[in-house]
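Observations on the three-dimensional arrangement
Residues per chain are reported as follows:
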Amino acid sequence: MATSRKVALKHAKSKDAQPAQQVPPPTRTASGRQRRPTEKENYRVSESQHVTYRQETKEKKIEKQKKKALRAAYDADPDGFEEEPSELRSDIDRAEENMFSDCDMVSKLSWSKSKVLTFSAGKIPPVSRNASAMRKATTTALTLSPSDDSESDESTDRESRRPEDHIDDEDNDYVAEELSPIARGSKRPLDDSETLDDGMVLPKIKKNPDGSRHRMKVSDFDDVSKEILGTAACIFRCLIVSQAPFPENIAVETQLAKAAWHEACQIKGINVKLTPSGVKMLLTRTSQVRGELKMKMRSLTASFFGFRSSNSNDVIRQNRDLAESLKDGSLFAFKDWKSKKGIYKTELLQLGINIMWFANRHDEGVIHHKYFNPMPVEVIALVLTTIECCIDEWLQGLKEDIKFTSATYGTVYHGHFCSLQRFDERTAPYKLLDKIRVNLHDVARVHAGVDTLTISSSASRISDTAFEDAIREYRLEEQDDAEASES
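The rules behind these values
Residues numbered from 1 in each chain as written. Predicted model: local features only at pLDDT ≥ 70, side-chain atom pairs only at ≥ 80, totals over all residues. Heavy atoms only, no water. Helix = DSSP H or I, 4+ residues; strand = E, 2+ residues; numbered from the N terminus. Buried < 20%, exposed > 50% of the residue type's maximum accessible area, 1.4 Å probe, protein only. Contact = heavy atoms within 4.5 Å. Disulfide = S-S within 2.5 Å. Core = buried A, V, L, I, M, F, W, Y, C linked by side-chain atoms within 4.5 Å. pLDDT = per-residue confidence, 0-100. Polar contact = N/O pair within 3.5 Å; in protein donor to acceptor, adjacent residues only side chain to side chain. Phe/Tyr/Trp six-rings, centres within 6.5 Å; stacked < 30°, edge-to-face > 60°. Patch = residues over 30% accessible without salt bridge, like charges linked within 9 Å, V, L, I, M, F, W, Y side chains within 5 Å. Areas by Shrake-Rupley, 256 points an atom, 1.4 Å probe, with all protein chains shown as cover. Salt bridge = Lys/Arg side-chain N within 4 Å of Asp/Glu carboxyl O. Lys, Arg positive; Asp, Glu negative; His and termini not counted. Charge placed at Lys NZ, Arg CZ, Asp CG, Glu CD. Axes fitted to C-alpha atoms, helices over the stretch in contact; angles between N-to-C directions. Parallel < 35°, antiparallel > 145°, perpendicular 65-115°, else oblique. Left-handed = near helix turned anticlockwise from the far one by under 90°. Expected span 1.5 Å × (residues − 1). Arc of directions from axis to C-beta.

Topic: the overall build of the chain
Counting its regular elements, the chain contains 19 helices and eight strands. A buried classification covers 31% of the 487 residues belonging to the chain. The long-range fraction of contacts in the chain, counting pairs at least 24 apart against all pairs at least 6 apart in sequence, stands at 62%.

Thoughts on the state of the cysteines
The full count for this structure, using the stated rule, is zero disulfides. C234 carries a free sulfur, and the closest cysteine sulfur to it, the one in C238, is 4.9 Å from it.

Quick word on the nonpolar core
F305 and W357 are the most contacted members of the largest nonpolar core, which totals 74 residues. With eleven residues, helix α15 (residues 377-392) is the single largest residue contributor to this core.

Observations concerning the confidence of the model for the chain
Averaged over every residue, the pLDDT of the chain is 75; residues scoring 70 or more account for 63%. Counting interchain partners and residues more than four positions distant, the pLDDT-below-50 stretch residues 127-199 has 91 contacts. Here residues 452-457 is a poorly scored stretch, pLDDT under 50, and it has two contacts once near neighbours within four places are set aside; other chains count.

Some thoughts on the side chain of H416
As for its position among the elements, H416 is in helix α16 (residues 406-426). Here the side chain of H416 touches E388 through a polar contact of 2.7 Å, side chain to side chain. For H416, the residues in contact, after removing those within four places along its chain, are S330, F332, A381, L384, T385 and E388.

Some points on the packing of aromatic side chains
On inspection of all chains with the given rule, the structure shows eleven aromatic pairs. Taken together, a centroid distance of 5.1 Å and an interplanar angle of 90 degrees make the contact between F304 and F305 edge-to-face. We classify F305 as buried; its relative accessible area is 7%. With a centroid separation of 6.1 Å and an interplanar angle of 25 degrees, the aromatic rings of Y413 and F417 are classed as stacked. Taken together, the residues Y413 and F417, both in helix α16 and four residues apart, mark about one turn of the helix. Judged on exposure class, the residue Y413 and its partner F417 are both buried.

Details of a negative patch on the surface
The grouping of E473, E477, E478, D480, D481, E483 and E486 at the surface amounts to a negative patch. Considering the arrangement of structural elements, one finds E478 in helix α19 (residues 464-486).

Regarding the packing of α15 against α16
At a closest axis distance of 9 Å, the pairing of α15 and α16 adopts a crossing angle of 130 degrees. Put simply, α15 runs oblique to α16. Viewed along their axes, α15 and α16 form a crossing whose handedness is right-handed. Between α15 and α16, the residues in contact are V377, E378, I380, A381, L382, L384, T385, E388, C389 and D392 and Y409, V412, Y413, H416, F417 and L420, respectively.

Focus: unusual backbone geometry
Cis peptide bonds are those with omega within 30 degrees of zero, and the linkage from N373 to P374 qualifies with -10 degrees. Within the fold, P374 resides in the loop between α14 (364-367) and α15. Despite not being glycine, Y344 has its phi angle at roughly 60 degrees, a positive value. Take Y344: it is sitting in the loop between β8 (341-343) and α13 (347-357).

Considerations on the pattern of salt bridges
Inspection of every chain in the model, using the stated rule, returns 14 salt bridges. A salt bridge links E393 to R298; its shortest N-O distance comes to 3.0 Å. Of this pair, E393 sits in the loop between α15 and α16 while R298 is found in helix α11 (residues 285-305), placing the two residues 95 residues apart along the sequence. Classification of E393 by relative accessible area gives buried; the value is 1%. The exposure class assigned to R298 is buried, which follows from its relative accessible area of 18%. In this structure, R472 engages D469 in a salt bridge whose closest nitrogen and oxygen atoms are separated by 2.3 Å. Here R472 and its partner D469 are both found in helix α19, three residues apart, which amounts to about one turn of the helix. The exposure class assigned to D469 is partly exposed, which follows from its relative accessible area of 31%.

Some details on the side chain of E263
Along the polypeptide, E263 turns up in helix α9 (residues 250-268). Leaving out residues up to four positions away in the same chain, E263 has contacts with I235, K370 and Y371.

Structural notes on α16
One full turn of an α-helix is made of 3.6 residues, so residues set three or four places apart face in the same direction. Counted at 1.5 Å a residue, the expected span for α16 with its 21 residues is 30 Å, and the 29 Å between its end C-alpha atoms agrees. Listed in full, the buried residues belonging to α16 are Y409, G410, Y413, H416, F417, L420 and F423. Buried positions in α16, seen along its axis, are confined to an arc of 150 degrees and lie on one side of it. Opposite the packed face of α16, turned more than 90 degrees from it, sit the exposed residues A407, T411, R422, E425 and R426. Here the buried face of α16 lies against β8, α15 and α17 (432-448).

What to know about helix α10 (residues 276-283)
With seven of eight residues buried, α10 lies mostly within the body of the structure. Residues of α10 that are buried: P276, S277, G278, V279, M281, L282 and L283.

Some remarks on a positive patch on the surface
Residues K335, K345, K431 and K435 make up a contiguous surface patch of positive charge. Structurally, the position occupied by K335 is in strand β7 (residues 334-336).

Remarks on the environment of C265
Along the chain, C265 falls in helix α9. On the basis of relative accessibility, which here comes to 7%, the residue C265 falls in the buried class. For the pair C265 and T231, spaced 34 residues apart in the sequence, the C-alpha separation amounts to 8.7 Å. Filtering out sequence-adjacent residues up to four positions away, C265 remains in contact with I228, I270, N271 and V272.

Have a look at this one:
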């Protein structure tokens, strides 16, 4: 009995909470009589009202749960919030908060004209146009103190945006600035072309028509900076592969980027300031050069070892067995991997170096030969790691795409590098590794045609004797002209 009473009471409460059913107004027939709605029409109206009511009840319940969760989070850690969320405040608190912020005041002078003046209790800073940059500025924020003197605000804002404060070549501040951008105003842009006191030029960077920044490209820089950036990118690629193909941290990459930029400025004979955007452009070349090497080595590795693409079970099994055998003890590093002879003398290593850095007389290995003479151990380890990545794509018997990332193959690279160092220590009396490095560089230069270019240029050189003969001929012609004029 008690249970049935509770159910009946609950049903009565829910029935009272529901809105009263609205019966559609009766219509009239052609004869003028009132036509009552049918039972089907009444049921349709009732159902639609019940659906609306249930939806509103569900939304209120969800909103109540969210507010309850927000209240629990705020009570557990109030320091994590800048201020108490507005959802947790009552209507009275909200009214008191906005009571003296903005309200309409009617002045006596404009009472007849019914003009309304807006009263503001404080100075509200202007909203930045770049909303995304403001959302990202979570690490550091500039605090603007309200002041009645607009000129002092403008001068302070101008001084805080000097290029010297945001660009520093002596440390890695610009890297931290790129990683945690600061909320800046829009009074004075940072990327205008300027000349500092020491004669250093700041590059000019293009913006969108609305003044906002976009993804940086080389074409966004001015002509001078674009030329410096192209040379610095080429040097940075050589520095990365010859010193740190898989950098341990961003500080190592940054130091190499600074060195590449400094050398590019010396080559071009102009001192251009290195900006955070320029550093960011150079750092993208690290993964780019590894990806380029992987793409060039993929087809070479498959054809060199004899991997085949086929759906045949026999071919799939052969590919799988071949890949496993080549990875066993790094047999792919031997000249004859079947008999395990000629360690670090595989022709595939030389082919990879030739096609990547010594493809022609104008390739990076020829222009910046000082980074490859003799061939660095880091380059050899990088090419061996790339070969192993290409072999891993055939481990299942069918070729699959494996990303050549630092997270996956960074440890593999360090393994090959340590093996090369141990090989150098064990064979130090014979200097086998040094001979391999010199031979790799010399053969690569021959492949690029550098030696042929040197011989042809020296053979076509004009000797000093020809210049002396030209002077003697000129003097004889002058004498003939003088005698002809006298006669």
